[in-house]
Amino acid sequence: MDAFLGQGRHFLRRLSAQPQIYSLLRGGGYFLAGFCLSAASLNQHFLPLTVGLICGCTGMSSLIAALGGILGYLVFWNALQPVAWCAVALLLSAILGDRRICRTAPLLMPMAAAFSVAILGVVFQLAGNEAPPVIIYFLRILLAGVASGLFARVTRERNPLYDWFACGFGVLALAQILPVPYLGLGYLAAGALLVRGAFPAAALAGLALDLAGITPLPMTAILCLSYLIRFLPKQPLWLGGATVVCVCGIVMYICGIWDITPLPGLFFGAMGGVYLPKQAPLSHRRGAIGLAQVRLELAAGVMAQTKQILAEIPETPVDEDLLVQRAAETACNGCSYRKNCKDHRHIAQLPGALLHKPLQSSEELPIVCKKSGRFLAQLHRSQEQLRSILADRERQRDYRSAVLQQYGFLSGYLQQLSDTLTQKADSIRDYYRAEVRVYGNRPAPGSGDRCLRFLGTGGKYYVLLCDGMGTGVEAAMEAKTGGELLRKLLLAGYPAEHALGSLNSICALRDRAGILTVDMAELHLGTGAVSLYKWGAAPSYLIADGKTDKIGTATPPPGLAASGWQPPVKRVSLRNGERLMMVSDGVGEESAFRICREKAGAPDEILARCLLDCGTYQGDDDATVVCIRLKEG
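Residues numbered from 1 in each chain as written. Predicted model: local features only at pLDDT ≥ 70, side-chain atom pairs only at ≥ 80, totals over all residues. Heavy atoms only, no water.

Enquirer: It is not clear to me how the overall build of the protein should be interpreted in this structure. Could you clarify?
Expert: A tally of helices and strands in the protein yields 22 helices and 12 strands. Burial statistics for the protein: of 633 residues in total, 44% are counted as buried. Within the protein, contacts between residues separated by at least 24 positions form 71% of all contacts whose residues are at least 6 apart in sequence. (Helix = DSSP H or I, 4+ residues; strand = E, 2+ residues; numbered from the N terminus. Buried < 20%, exposed > 50% of the residue type's maximum accessible area, 1.4 Å probe, protein only. Contact = heavy atoms within 4.5 Å.)

Enquirer: I tried to follow empty space enclosed by the protein on my own but got confused; where do I start?
Expert: If a probe as big as a water molecule is rolled over the atoms, it shows which places are left empty. The tally for this structure, following the rule as stated, stands at one cavity of 30 Å³ or more. Considering only enclosed or pocket space, the largest cavity measures out at about 50 Å³ in volume. Taken together, Leu-465, Asp-467, Thr-517, Asp-519, Gly-536, Ala-537, Ala-538, Val-583, Ser-584 and Asp-585 make up the lining of the largest cavity. Contributions of two or more residues to the lining of the largest cavity are made by strand E5 (460-468) and strand E6 (516-524). When its residues are assigned to classes, the lining of the largest cavity shows four nonpolar, three polar and three charged. (1 Å grid on protein atoms, 1.4 Å probe; cavity = no way out; pocket = protein on both sides within 12 Å on 5 of 7 lines; lining within 4 Å. Points joined across faces, edges and corners; volume = space filled by probe spheres on them. Nonpolar A, V, L, I, M, F, W, Y, C, P; charged D, E, K, R; others polar.)

Enquirer: Can you help me understand the pairing of E5 in this one?
Expert: Side-chain direction in a regular strand flips from residue to residue, so the side chains alternate between the two faces of the sheet. With respect to burial, E5 is a largely interior element, eight of its nine residues being buried. Relative to E5, strand E4 (residues 449-455) is paired through seven bridges, and the arrangement is antiparallel. Each residue of the ladder has a partner; that of Asp-449, found in E5, is Asp-467. Pairing of E5 with E6, which is carried by nine bridges, proceeds in the antiparallel orientation. Considered in E6, the bridge of Tyr-462 is made with Glu-522. (Pairing = 2+ DSSP bridges.)

Enquirer: So what exactly am I meant to see when it comes to the pattern of salt bridges here?
Expert: Side-chain pairs of opposite charge can arise whenever the charged atoms involved come near each other. The tally for this structure, following the rule as stated, stands at 14 salt bridges. The shortest N-O distance in the salt bridge between Arg-437 and Glu-435 comes to 4.0 Å. On the basis of relative accessible area, Glu-435 is assigned to the partly exposed category, the value being 22%. The residue Lys-550 makes a salt bridge to Glu-589 at a minimum N-O spacing of 3.0 Å. Of the two residues, Lys-550 is situated in strand E9 (residues 547-551) and Glu-589 in helix H21 (residues 589-598); the sequence distance between them amounts to 39 residues. Using a relative accessible area of 37% as the deciding quantity, one classes Lys-550 as partly exposed. For Glu-589, a relative accessible area of 34% gives the class partly exposed. (Salt bridge = Lys/Arg side-chain N within 4 Å of Asp/Glu carboxyl O.)

Okay, here's the thing in structure tokens:
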């Protein structure tokens, strides 16, 4: 049975790794989450939990959650006020979501969500549509802010505390959904948490059922007492269903309240929870490993705090009035009319906004001066000085952003490393092995293209194609340096996005923008999925069943700016015998696409040779072709 379930889990993992299936499941999950959270209520008053989910997400996820929430509020409540909540929350997510200001001020989005709920509550109350009690009004405002901050944390990081409260909110919402009599979704979720969740999650699930008011039984006490049975040694998980039924019977007998409606949902939820994936237990920090965990977490906290402090340092404003004053002093000091001039004091008091005007002639000056040409020349010098200062400030801003990113990367990496110290190694074997072949038009030492392939951490295999700008030894050194840096970061366990962000920051700090392009394929050997990261690189080509698809488009190279560094990522699958062709920009894009379509059935070597010949015909640039396949076993 265990072997059969293991094979089934692996099949589902491979199926979910398909890009189309993954996107569909992800979108369906956000839609259902928005739909179900809209059912949450207290004393038959709807709650803005879906608003928190919308504000906690970004992009298409926020839109899908908003559509699910709007549909849910119309189905469950048939009210316009929560629909307006969702519309305003979607607008807030589009304006503020994933912006730098929200990262530096994490409470901005929760405060905006709470403020929008407060304003809409007053508007609809004045319109006479709804007049909830005062305590419900303030409770909605509080829940909007709390849910927004909570779901933002849940979607961006893994923390047991946030997961427990998210489970509590989920049970509170599902408690109002009863698709089948005597089988409420809230009871099913609570039963599953009783078997697979931690004790705080089970306790919060019971509290949510009590707040929902769907049964007079004290569900918090029932779930807490049922969870205590799990502490007995050698306790089988399937006994949880029978345990919760027995505890319910005992509590009903003691309280004198007979209500059997929770029993089916709790029983089937507990039995179904046995087959859910097991969550990683909370680490017990003991001995040397525990001490190492504490130190890593402290270091991660110091990095995060340092990043926050640096981000909050205000920039010193440029004193433009002083620049105008110095220009006036320089012009007036050498003026022969200074002793008899009555306007030299007024000239020194002119505003700094004058420096932002073209000032092509003396007639554009706001004062009358006998030597206006001298003053105009000094203003032109001050304008040049102001432009130089602003350009220097912009460079400093980029350098500051690069440093902030590195502190953020290190903080996340140290926290991730601390979390994995006490986790057991993944026992799932790699079902695929990578087969990579590299073809080039020049020998490796003198080629500006550098291809690296190596096995990373967590069952990931990486293929890097770095193309240095130009040709010759200098381009080869740039490609080698960038590729080796990425290889070391990835081997250390850095996520691909963080490793590429570090390379971008280094290129920006060195003022070496566009010195190389990066084309990276991250192969997941357990599922056959491939993540393609392209940064200034040429498109790749996916060949399957005689058909060719172009993957990726032209993007700017790394190093143009320290902020906004994230490269586009495309996800494909090679588990069904597909072939991925990565090419450098020495091969023309249109010609490469045409050749891949015409010779889709040709062997790898022949197809690569045709692509390289096309590159040689187009010019003298270095050309490299990388063929990637996945083989079972």
